[in-house]
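Residues per chain are reported as follows:
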Amino acid sequence: NEEAGVQKQRKDLFFSPEFSMDDAGALFPSSWTSSIQLEQDTPVESKLSLLPSFHADIDGMQDLLATSEPIFDKAVEDGTRFLAYRLGGLEIRGTKAPDSALEVGAVFAVGDRAL
C-alpha cells in the first residue's frame, strides 16, 4: 500500500546521514522544516558516519535511551515518532510507533569521531 511505501521511504531517509533535522524534506510534514535558516559552514549532520556494527549492541542501550532527552522528536500523521539522541560521540536514531518500543534504525559517529 502507498502509506507503507511512504513510511519506508521516510525511515530510509531518517536513518541515513543525508537527513537534516533542520530541513527534513518533502517526505515529512512541512512543520518539520525550520522557517529560520541558520548560517553555518558545515552542518552537524554532514559530520556523521554510520556505524552498522552497533546494531548488535543496541539492546543494552535501551534503558539509557529511555532516560535520555532526545535532540530530535517529531511525529508523522499516524503518530509514529522519529527520534534522535546524542550520547557522547554517538547519534542514535530510531522510530517509535504508538504503543510500541523504540526501534533503533541507525547509529552514527559524530563530528571528529566520524570516520
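Residues numbered from 1 in each chain as written. Predicted model: local features only at pLDDT ≥ 70, side-chain atom pairs only at ≥ 80, totals over all residues. Heavy atoms only, no water.

1. Let's talk about the nonpolar core
Consideration 1: Residues F14, F19, F28, W32, F72 and F82 are the most contacted members of the largest nonpolar core, which totals 15 residues.
Consideration 2: At the level of elements, β3 (81-87) and β5 (103-110) are the ones that each hand at least two residues to this core.
Consideration 3: Looking at this core, the element that brings in the most residues is β5, giving 3 residues.
Consideration 4: M61, L65, L83 and L90 belong to the second-largest nonpolar core, a separate cluster that totals 12 residues. (Core = buried A, V, L, I, M, F, W, Y, C linked by side-chain atoms within 4.5 Å. Buried < 20%, exposed > 50% of the residue type's maximum accessible area, 1.4 Å probe, protein only. Helix = DSSP H or I, 4+ residues; strand = E, 2+ residues; numbered from the N terminus.)

2. Topic: the packing of aromatic side chains
Consideration 1: Tallying each qualifying case throughout the model produces 10 aromatic pairs.
Consideration 2: When the centroid spacing of 5.2 Å and the interplanar angle of 85° are considered together, the rings of F14 and F82 count as edge-to-face. One end of the pair, F14, is in helix α1 (residues 2-14); the other, F82, is in strand β3, with 68 residues separating them in the sequence. Here F14 and F82 have matching classes, each one buried.
Consideration 3: Between the aromatic rings of W32 and F72, the centroid separation amounts to 5.5 Å while the plane-to-plane angle is 75°, which identifies the pairing as edge-to-face. Here W32, found in the loop between α1 and β1 (48-50), pairs with F72, found in strand β2 (residues 72-75); they are 40 residues apart in sequence, far enough to count as distant.
Consideration 4: Take W32: its relative accessible area is 3%, and that puts it in the buried class.
Consideration 5: Judged by its relative accessible area of 5%, F72 is buried.
Consideration 6: Clustering of aromatic rings is evident, with ring pairs tying together F14, F15, F19, F28, W32, F72 and F82. (Phe/Tyr/Trp six-rings, centres within 6.5 Å; stacked < 30°, edge-to-face > 60°.)

Such coordinate-based values are descriptive only and should not be taken to indicate function.
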